[in-house]
Amino acid sequence: MDQKLPNGFSDTATENEIRDAVSHFEELLREQLNRQARIAADTAPRDFHEPGRQIRIGLIDGDGIGPIIMREARRVLDSLLASEIACGQVQLCTIEGLTIENRLALGKTVPDDTLAAIRTCDVFLKGPTTTPKGGTVESANVTLRRELDLYANVRPVRVPEENIDWTFFRENTEGEYTLGSRGIAFPGSLSMDFKVITDAGTRRIARAAYEFARNNGKQRVAVVTKANIMKKTDGMFSRIAHEIAAEYPEIETEEYYIDIMTANLVNPAVRSRFQVFLLPNLYGDILTDEAAQIQGGVGTAGSANIGDHCAMFEAIHGTAPRKMEAGEGEYANPTSILRAAEMLLRHIGMREKADILSNTIEQAEKDVHITGHRDGETCAAFGDRMLAILSEGKR
Ligand code: IPM
Ligand code: MG
């Protein structure tokens, strides 16, 4: 005879649900062990420096203010790379279909055609995409990061007048994000999500951070976790970070918990001493928004999602639905996506072009006052100014 539980489930029904959950967990565990084995076995990054190699750069508009800021990014790249495009060294390809309307209509986070088109590119620049709250359509960002294995989220933040020069290395495929849509729910009683940290996944992001520190003359790396509470996952992340750190004896490794690090970033007495940050996914997500705000707002920061075979560059901010609703989309700040384009150029080895772009952004920021609202200048005015500065430089 079934005994009634307070939530109305009978024992048998609960037992069945537990059994289903356990088999779901087993499937996840096997899948994630396989994923870690694949990462551990993958050792051949793409080389952009082979002579004569054509580089294909994909351009994806996204939703909300995405098409508005991407229009300026495209105009700027067309002008900046005019001669490389003319001789076929660089190809800019527009990739369609990554809109919320299309994704909902097809019931696909990233439509198959879009993903196939992206896979033909070496790198791509992407406008922000809408992530519906709840439901089943996952974040396009999360899917792209996972499908293309873009494991290093690199976010630079600079405030020169305060001597702040930070580079964040956020692990981009694991932690709470790997299985974020595949948790377990017992309606009316409990929900459980999973956090996954793998050995190979941690080694590759830690190595990326320490290599960057070494190649850029940085003295310190701060490893940020909550290993006092998340003992298995963050504990392992921290331990492996220290193992990799041992191969870089010239670099000092400091360990912080995420709570005190969020406080440190708003403490002017200590914040400028940090240089490189190495963090698991969710802490990196949160801390980099805070850092971008310190730089002048999330509209000012670029973000690189780097894998061994492909890389995606994007603005750190979202689609700005409130701005669109207020009819102020045209006033969006394109700086963040332009900074992302700068990172893209550096990634493919076009350092001089990246420097020109960076100087042009700095100059345009002085000339064109963008507030993000009607009281400021428009996104297009910023783009016009960028093009004028670029064409002055060509003369
Ligand atoms: C980011 C964004 C994404 C994230 C969202 C859009 C899924 O906040 O790139 O930081 O959480 O990683
Ligand atoms: Mg974020």
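Preceding block: the structure.
Residues numbered from 1 in each chain as written. Chains lettered and ligands numbered in written order. Predicted model: local features only at pLDDT ≥ 70, side-chain atom pairs only at ≥ 80, totals over all residues. Heavy atoms only, no water.

Trainee: Account for the overall build of the chain, with residues named and values stated.
Mentor: A count of helices and strands for the chain gives 14 helices and twelve strands. Here the C-alpha atoms of the chain give a radius of gyration of 22 Å, agreeing with the 21 Å that 2.2 N^0.38 yields for 395 residues. Its C-alpha atoms give the chain principal-axis dimensions of roughly 90 × 55 × 45 Å. Residues counted as buried form 49% of the 395 residues belonging to the chain. Put simply, of all contacts in the chain between residues at least 6 apart along the chain, 73% involve residues at least 24 apart. For the chain, the separation between the mean place of its 46 positive charges and that of its 59 negative charges on side chains is 1 Å. (Helix = DSSP H or I, 4+ residues; strand = E, 2+ residues; numbered from the N terminus. Rg over C-alpha atoms; globule rule 2.2 N^0.38 Å. Buried < 20%, exposed > 50% of the residue type's maximum accessible area, 1.4 Å probe, protein only. Contact = heavy atoms within 4.5 Å. Lys, Arg positive; Asp, Glu negative; His and termini not counted. Charge placed at Lys NZ, Arg CZ, Asp CG, Glu CD.)

Trainee: Residue-level account of the side chain of Thr-360, with values.
Mentor: Here Thr-360 is to be found in helix H13 (residues 351-367). Only 2.6 Å separates the side chain of Thr-360 from the backbone oxygen of Ile-356, close enough to count as a polar contact. Once residues within four sequence positions are removed from consideration, Thr-360 is found in contact with Met-386, Ile-389 and Leu-390. (Polar contact = N/O pair within 3.5 Å; in protein donor to acceptor, adjacent residues only side chain to side chain.)

Trainee: Describe H13, and please don't skip the residues or the numbers.
Mentor: Between the first and last C-alpha of H13 there are 24 Å, a value that for 17 residues agrees with the 24 Å anticipated at 1.5 Å per step. When H13 is considered as a whole, its buried residues turn out to be Lys-353, Ala-354, Leu-357, Ser-358, Thr-360, Ile-361 and Ala-364. Seen along its axis, H13 keeps its buried residues to an arc of 165°; they face one direction. In H13, the exposed positions that point more than 90 degrees away from the buried face belong to Arg-351, Glu-352, Asn-359 and Lys-366. At its buried positions, H13 is contacted by helix H2 (66-80), helix H3 (82-86), helix H12 (335-347) and helix H14 (379-394). (Expected span 1.5 Å × (residues − 1). Arc of directions from axis to C-beta.)

Trainee: Kindly report on the environment of Ile-85, identifying the contributing residues and their values.
Mentor: Mapped onto the secondary structure, Ile-85 falls in helix H3. Along the backbone, Ile-85 and Thr-253 are 168 residues apart, and their C-alpha atoms lie at a distance of 43 Å. In contact with Ile-85, other than residues within four places in its own chain, are Leu-77, Asp-78, Val-90 and Leu-92.

Trainee: Residue-level account of the site of ligand 1, with values.
Mentor: The environment of ligand 1 is formed by Ser-139, Asn-141, Arg-145, Arg-155, Arg-170, Tyr-177 and Asp-285. The separation between an oxygen atom of ligand 1 and a polar side-chain atom of Arg-145 is 2.7 Å. In the environment of ligand 1, an oxygen atom lies 2.8 Å from a nitrogen or oxygen atom belonging to the side chain of Asp-285. Bound to the protein, ligand 1 loses 75% of the 320 Å² it would expose on its own. When atom positions are compared with the pocket grids, ligand 1 is found to occupy the second largest pocket. For the shell around ligand 1, the class distribution of residues is one nonpolar, two polar and four charged. (Near = heavy atom within 4 Å. Areas by Shrake-Rupley, 256 points an atom, 1.4 Å probe, with all protein chains shown as cover. 1 Å grid on protein atoms, 1.4 Å probe; cavity = no way out; pocket = protein on both sides within 12 Å on 5 of 7 lines; lining within 4 Å. Sits in = over half its atoms within 2 Å of the grid points. Nonpolar A, V, L, I, M, F, W, Y, C, P; charged D, E, K, R; others polar.)

Trainee: Run through the environment of Ala-82, naming residues and quoting values.
Mentor: Here Ala-82 lies in helix H3. Separated by 52 residues in sequence, Ala-82 and Gly-134 place their C-alpha atoms 43 Å apart. With residues near it in sequence (within four places) discarded, Ala-82 still touches Leu-77 and Lys-394.

Trainee: Outline the pattern of salt bridges, supporting the account with residue identities and numerical values.
Mentor: Across all of its chains, the model carries 35 salt bridges by this definition. The closest approach of N and O atoms between Arg-75 and Asp-384, which form a salt bridge, is 2.8 Å. Taken together, the residues Arg-75 in helix H2 and Asp-384 in helix H14 connect sequence positions 309 residues apart. One salt bridge connects Arg-339 with Glu-342, and the closest N-O pair in it is separated by 2.7 Å. In this pair, Arg-339 and Glu-342 both sit in helix H12, three residues apart, roughly one turn of the helix. Across the pair, Glu-342 and Arg-339 agree in class, each one buried. Connected through shared salt-bridge partners, Arg-71, Glu-72, Arg-75, Glu-330 and Asp-384 make up one network. (Salt bridge = Lys/Arg side-chain N within 4 Å of Asp/Glu carboxyl O.)

Taken by themselves, the reported measurements are silent on function.
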